[in-house]
Amino acid sequence: MKTLLSSPKVNAVCLSVFTAFYALIFIIMPRNAEIFDMLYSNRVDCNVAPFWKNFSNFLAAGYEEYIAYALIAVTVLVVVLLLLRRHPYDEYHTSLLYGCLSVAVILTLIAIAVFYLMILSDSSGIIEKFTMFIAIHWTVVVLSDLSFVLLCGWR
């Protein structure tokens with residue numbers, strides 16, 4: 001595991017694969033009529049908090065594509081910086097990566113707990129809530145990786 005974490009190329013590949021997966025979902029989602037029909041914004045009889053109504057309208061308008069493009073842009077920046085690094089990270093840098101990934105894991109666990117409470121309190125609007133969870137989760141991961149790359153330098 002230590003060998004994998006010390007390789008900037010492995011980091012770049014893992015980050016790219018997951019970002020591509022989430023970006024693909026965020027780009028395809030607005031074009032899916034079945035998902036579109038399940039959003040809060042399409043339900044006239046639904047009484048929901050203004051935040052979720054606005055987020056539902058955001059999704060209904062197809063703007064989650066912008067989330068995908070932002071994630072792709074930051075991921076490209078991180079991957080370029082990682083690939084510019086010519087040698088593996090030393091033990092100090094690997095421990096910093098552990099720290100950045102630990103912060104991402106802690107924030108993800110907090111997001112899972114909040115997501116679970118939201119679903120328990122109101123199970124309707126699962127599309128909006130899960131999309132919000134994934135957007136926050138992967139943004140935290142990408143930004144923590146960017147923080148790591150900037151802290152360690154890329155050369």
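Refer to the structure above for everything that follows.
What counts and what doesn't
- Residues numbered from 1 in each chain as written.
- Predicted model: local features only at pLDDT ≥ 70, side-chain atom pairs only at ≥ 80, totals over all residues.
- Heavy atoms only, no water.
- Helix = DSSP H or I, 4+ residues; strand = E, 2+ residues; numbered from the N terminus.
- Buried < 20%, exposed > 50% of the residue type's maximum accessible area, 1.4 Å probe, protein only.
- Contact = heavy atoms within 4.5 Å.
- Axes fitted to C-alpha atoms, helices over the stretch in contact; angles between N-to-C directions.
- Parallel < 35°, antiparallel > 145°, perpendicular 65-115°, else oblique.
- Left-handed = near helix turned anticlockwise from the far one by under 90°.
- Polar contact = N/O pair within 3.5 Å; in protein donor to acceptor, adjacent residues only side chain to side chain.
- Phe/Tyr/Trp six-rings, centres within 6.5 Å; stacked < 30°, edge-to-face > 60°.
- Lys NZ or Arg CZ within 6 Å of the ring centre and 35° of its normal.

### Re the overall build of the chain
Link 1 in the chain: Looking only at helices and strands, the chain has seven helices and zero strands in total.
Link 2 in the chain: Mapped in sequence order, the helices and strands of the chain form the string α-α-α-α-α-α-α.
Link 3 in the chain: Projected onto its principal axes, the C-alpha coordinates of the chain cover approximately 60 × 30 × 20 Å.
Link 4 in the chain: Here the chain, with 155 residues, has 39% of them falling under the buried criterion.
Link 5 in the chain: By sequence separation, contacts in the chain at least 24 residues apart represent 81% of the contacts at least 6 residues apart.

### Let's talk about the packing of helix H6 (residues 91-121) against helix H7 (residues 126-152)
Link 1 in the chain: Across the interface, H6 lies against H7 with an axial gap of 9 Å and an inter-helix angle of 165°. Classed by the angle they form, the pair H6 and H7 counts as roughly antiparallel. Between H6 and H7 the crossing geometry is right-handed. Between H6 and H7, the contacting residues are His93, Leu96, Leu97, Cys100, Ala104, Leu107, Thr108, Ala111, Ile112, Phe115, Met118 and Ile119 on the first element and Ile126, Lys129, Phe130, Phe133, His137, Val140, Val141, Ser144, Phe148 and Cys152 on the second.

### What to know about the side chain of threonine 19
Link 1 in the chain: Summarising the element assignment, threonine 19 is placed in helix H2 (residues 8-28).
Link 2 in the chain: A distance of 3.0 Å separates a polar atom in the side chain of threonine 19 from a polar atom in the side chain of threonine 75.
Link 3 in the chain: Once residues within four sequence positions are removed from consideration, threonine 19 is found in contact with Leu71, Ile72, Thr75, Trp138 and Val142.

### A closer look at the side chain of threonine 75
Link 1 in the chain: Its location among the elements puts threonine 75 in helix H5 (residues 64-84).
Link 2 in the chain: Once residues within four sequence positions are removed from consideration, threonine 75 is found in contact with Leu15, Ser16, Thr19 and Val142.

### Notes on the packing of aromatic side chains
Link 1 in the chain: By the definition in use, this model includes 13 aromatic pairs.
Link 2 in the chain: Aromatic side chains phenylalanine 51 and tryptophan 52 sit 5.0 Å apart centroid to centroid with 80° between the ring planes, which places their arrangement in the edge-to-face category.
Link 3 in the chain: Of the residues examined, tryptophan 52 reaches a relative accessible area of 12% and is grouped as buried.
Link 4 in the chain: Judged by centre distance (6.0 Å) and plane angle (40°), the ring pair of phenylalanine 130 and phenylalanine 133 falls under tilted. Taken together, the positions of phenylalanine 130 and phenylalanine 133, both in helix H7 and three residues apart, correspond to about one turn of that helix.
Link 5 in the chain: With a relative accessible area of 13%, phenylalanine 133 lands in the buried category.
Link 6 in the chain: Above the ring of tryptophan 52, the side-chain terminus of lysine 129 is found at 6.0 Å from the ring centroid.

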